[in-house]
Amino acid sequence: VEADSKPRGHLIVVEGLDRSGKTTQCEMLCEDIQGREKKVKYIKFPDRTTATGQMINSYLQGKAEQNDQAIHLLFSANRWEAVQGMLDELQSGTTIVIDRYSFSGAVYSAAKENQNLSLEWAWNPEIGLPQPDLVLFLDISSEDAVKRGGYGEERYEKEEMQIKVRTLFKHLFSKLDHLNVRNIDAGQPLQSVADQIWQVYLKLEESGPAYGNPPSFS
Ligand code: Z5A
């Protein structure tokens, strides 16, 4: 097929707890990829600029209430509305680095105090979204995360919640064992975390280009 004969960009996801350094590391990775004369785009979820993103933003800042299922589906919709743009970028040969994705989507909702929804229920709306070629899980203990200036003011930025989130991330990744998930020790100094990530990225590049659209989550 003609459309499949041109290599596409890679889809890379960076996940982790609050304060694990996701945004910092995404920026460093994008710069390093660009340094290799490759096209790269950074995307962050939630994308707070869209209509769904603004509702999510109000909720996270405690300015609006939502029931747990409704806010969960808004986070998912915020990803679904970005899919076509992502696929177009990948097809044009651009590598995408995503700061939080479906994995955060499922685990934060399932970690809520009232246990209102299960991890299985929470994963369902993610089915069909493009599956990343690589997931970098920035692993850090909640004690070390707290030392980085403490948590912010937003909903979910509490230590008990972050402990549950970490356990659920690990459980979800063990269930999705067909994915290419790499654990990164994010408790290390900045450059050492970046070096670990770069080694993993180089392996992905060495494994050769990808073609067609990425498979969908099942
Ligand atoms: N959420 C959800 O419920 N459902 C969903 O579907 C999605 C998300 C996508 C907002 O996410 C909330 O939404 C989040 C999950 C939920 N709730 N919580 N918690 P967000 O991504 O917008 O916000 P965030 O996770 O709170 O991002 P963050 O605070 O910006 O964390 P970060 O990106 O991982 O860290 P950072 O900004 O790169 O670094 C934080 C600080 O640590 C900063 O001062 C750095 O200079 C410092 N840092 C970073 N790395 C190091 C190292 N290695 N050593 C020392 N200091 C470091």
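Residues numbered from 1 in each chain as written. Predicted model: local features only at pLDDT ≥ 70, side-chain atom pairs only at ≥ 80, totals over all residues.

1. Here we look at the overall build of the chain
Helix and strand counts for the chain come out as 9 helices and 5 strands. Here the chain has a C-alpha radius of gyration of 17 Å; the compact-globule value for 218 residues is 17 Å, and the two agree. Projected onto its principal axes, the C-alpha positions of the chain cover 50 × 35 × 30 Å. Split into buried and exposed, the 218 residues of the chain put 34% on the buried side. Sequence separation of 24 or more characterises 80% of the internal contacts of the chain that already satisfy a separation of 6 or more. (Helix = DSSP H or I, 4+ residues; strand = E, 2+ residues; numbered from the N terminus. Rg over C-alpha atoms; globule rule 2.2 N^0.38 Å. Buried ≥ 20, exposed ≤ 12 C-beta atoms within 10 Å, placed from the backbone. Contact = placed C-beta atoms within 7 Å.)

2. Description of the sheet that holds strand 1 (residues 11-16)
Spatial ordering of the open sheet is given by 2-3-1-4-5, a layout of 5 strands whose pairing is parallel. Taken across any chain shown, the strands that pair with only one partner, and hence form the sheet edges, are strand 2 (40-44) and strand 5 (181-185). Looking at each pair of strands side by side, their axes are set apart by 20° on average, direction ignored. In this sheet, strand 5 lies alongside strand 4 (residues 134-139) in parallel orientation, the contact comprising 5 bridges. Looking at the pairing, Phe137 lines up with Asn183 of strand 5. (Pairing = 2+ DSSP bridges. Axes fitted to C-alpha atoms, helices over the stretch in contact; angles between N-to-C directions.)

3. Considering the confidence of the model for the chain
Mean pLDDT over the chain works out to 95, with 98% of the residues at or above the 70 mark. Interface confidence for the predicted complex, expressed as ipTM, amounts to 0.97; the pTM equals 0.97. (pLDDT = per-residue confidence, 0-100.)

4. Brief notes about the packing of helix 5 (residues 102-110) against helix 8 (residues 159-175)
In the contact formed by helix 5 and helix 8, the axes pass within 9 Å of each other and the chain directions differ by 130°. By the angle between their axes, helix 5 is oblique relative to helix 8. Between helix 5 and helix 8 lies a crossing of right-handed hand. Contacts from Phe103, Ala106, Val107, Tyr108 and Ala110 of helix 5 reach helix 8 at Val165, Leu168, Phe169 and Leu172. Residues of the contact of helix 5 with helix 8, tallied by class, amount to 9 nonpolar, no polar and no charged. (Parallel < 35°, antiparallel > 145°, perpendicular 65-115°, else oblique. Left-handed = near helix turned anticlockwise from the far one by under 90°. Nonpolar A, V, L, I, M, F, W, Y, C, P; charged D, E, K, R; others polar.)

5. Thoughts on the nonpolar core
Counting residues in hydrophobic clusters, the biggest one holds 41 residues, and the most contacted among them are Ile12, Val97, Ile98, Val107 and Leu136. Setting aside anything within four residues of it in sequence, one finds Leu136 in contact with Ile12, Val14, Arg182, Ile184, Ile197 and Val200. (Core = buried A, V, L, I, M, F, W, Y, C linked by C-beta atoms within 7 Å.)

6. Regarding the environment of His72
Following the sequence through the fold, His72 ends up in helix 3 (residues 68-80). Between the C-alpha atoms of His72 and Met86, which are 14 residues apart in sequence, the distance is 21 Å.

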